[in-house]
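Structural characterization, general
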Amino acid sequence: MLVWFFMKKILYTIILSFLLIGNAYSKTTSLICTLENEDKPFLVLLDEKHRNATYKDKVVDAYFSAKSVKFVLAKIKKSRGVFVMIKYEIDRVNLDVIQTLSMTAPSSPDTEDLQISKDQGTCMISKKLNLIF
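Quick caveat, the model's predicted, so the values are computed rather than measured. (Residues numbered from 1 in each chain as written. Predicted model: local features only at pLDDT ≥ 70, side-chain atom pairs only at ≥ 80, totals over all residues. Heavy atoms only, no water.)

1. Overview of the layout of surface pockets
Going by this rule: Lining residues are defined by having an atom within 4 Å of a point belonging to a cavity or pocket. Those points lie on a 1 Å grid over the protein atoms alone, cavities being sets where a 1.4 Å probe fits but cannot get out and pockets being open sets with protein on both sides within 12 Å along at least five of seven lines. Grid points are joined across faces, edges and corners, and a volume is the space filled by probe spheres set on the points. Secondary structure counts use DSSP, requiring at least four H or I residues in a row for a helix and at least two E residues in a row for a strand, with both numbered from the N terminus. Polar here means any residue outside two lists: the nonpolar Ala, Val, Leu, Ile, Met, Phe, Trp, Tyr, Cys and Pro, and the charged Asp, Glu, Lys and Arg; Gly therefore counts as polar.
Quantified by volume, the largest pocket comes out at close to 180 Å³. Lining the largest pocket are Lys70, Phe71, Val72, Lys87, Tyr88, Glu89, Ile98, Thr100, Ser102, Asp113 and Gln115. Of all the elements in the fold, those that place two or more residues in the lining of the largest pocket are β5 (68-77), β6 (83-91) and β7 (96-104). Residue classes in the lining of the largest pocket are distributed as 4 nonpolar, 3 polar and 4 charged.

2. Observations regarding the nonpolar core
For clarity, the threshold we go by: Residues belong to one nonpolar core when they are buried, are Ala, Val, Leu, Ile, Met, Phe, Trp, Tyr or Cys, and are joined through side-chain atoms within 4.5 Å. Burial here depends on accessible area, computed with a 1.4 Å probe over protein chains only, as a share of the maximum for the residue type. Under 20% is buried, over 50% is exposed, and the range in between is partly exposed.
Residues Val44, Leu46 and Phe71 are the most contacted members of the largest nonpolar core, which totals 19 residues. At the level of elements, β1 (28-35), β2 (42-47), β3 (52-55), β4 (58-64), β5 and β6 are the ones that each hand at least two residues to this core.

3. Observations concerning the state of the cysteines
Note the threshold: The rule for a disulfide is simple: a pair of cysteine sulfur atoms within 2.5 Å.
One pass over the full model with this rule turns up 1 disulfide. Covalent S-S linkage joins Cys33 and Cys123, the inter-sulfur distance amounting to 1.9 Å. What sets the handedness of the Cys33 and Cys123 disulfide is the S-S torsion sign, and at about 105 degrees it is right-handed. Of this pair, Cys33 sits in strand β1 while Cys123 sits in strand β8 (residues 114-125), and the two are 90 residues apart along the sequence. Cys33 gets classed as buried once you look at its relative accessible area, which sits at 0%.

4. Topic: the pattern of salt bridges
The criterion, for reference: The working definition used for a salt bridge is a side-chain nitrogen of Lys or Arg within 4 Å of a carboxyl oxygen of Asp or Glu.
Taken as a whole, this structure holds 2 salt bridges when the rule is applied. Two residues, Glu48 and Arg92, come together in a salt bridge whose shortest N-O distance is 3.1 Å. Here Glu48, found in the loop between β2 and β3, pairs with Arg92, found in the loop between β6 and β7; they are 44 residues apart in sequence, far enough to count as distant. Judged by its relative accessible area of 22%, Glu48 is partly exposed. Overall, the relative accessible area of 13% leaves Arg92 in the buried class. Here the salt bridges do not stand alone but share partners, grouping Glu48, Arg51 and Arg92 into one network.

Note that all results are geometric; they support no functional claim without further evidence.
This is the structure we're talking about:
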C-alpha cells in the first residue's frame with residue numbers, strides 16, 4: 001500500500017511537470033526592433049500561443065515557423081482593386097527584421113507582387129523571459 005502511495009505521488013509530479021513545461025511556450029515575447037533607414041525603434045509583441053503579433057496597439061495574425069515569424073501589418077486598398085501591403089519577417093535565430101512594402105492586385109492572377117521598398121534591421125528581446133523564442 002505504501003509503494004502504491006509513492007508511485008501515485010511520482011506519477012502526479014511527472015504529469016504536473018509536463019503541463020508546466022507546455023506553458024513555457026505560450027508566453028508573449030517582447031522585441032524592440034530598429035530598421036537601418038529609421039532611427040526610431042519600435043516595439044513588437046509576439047504571442048505564439050494565439051498566433052498573433054502586436055505593433056502599435058494593432059493585433060494581426062502571424063505565421064510562426066522554426067526559422068521566422070511573418071505578419072502583414074497593413075493592407076490598404078487603393079483604386080481598381082490594388083492593395084498596398086506592409087509585411088514584416090523576423091528571423092528567430094539572429095533576430096534580424098525585414099520590412100517589405102509591396103503592391104498586389106489579387107483580382108489579376110497574372111500580376112505578381114510589386115516590391116516597392118525593403119528595409120532591414122535588427123531586434124532585441126526587451127526583457128528576459130523564461131521561454132524559447
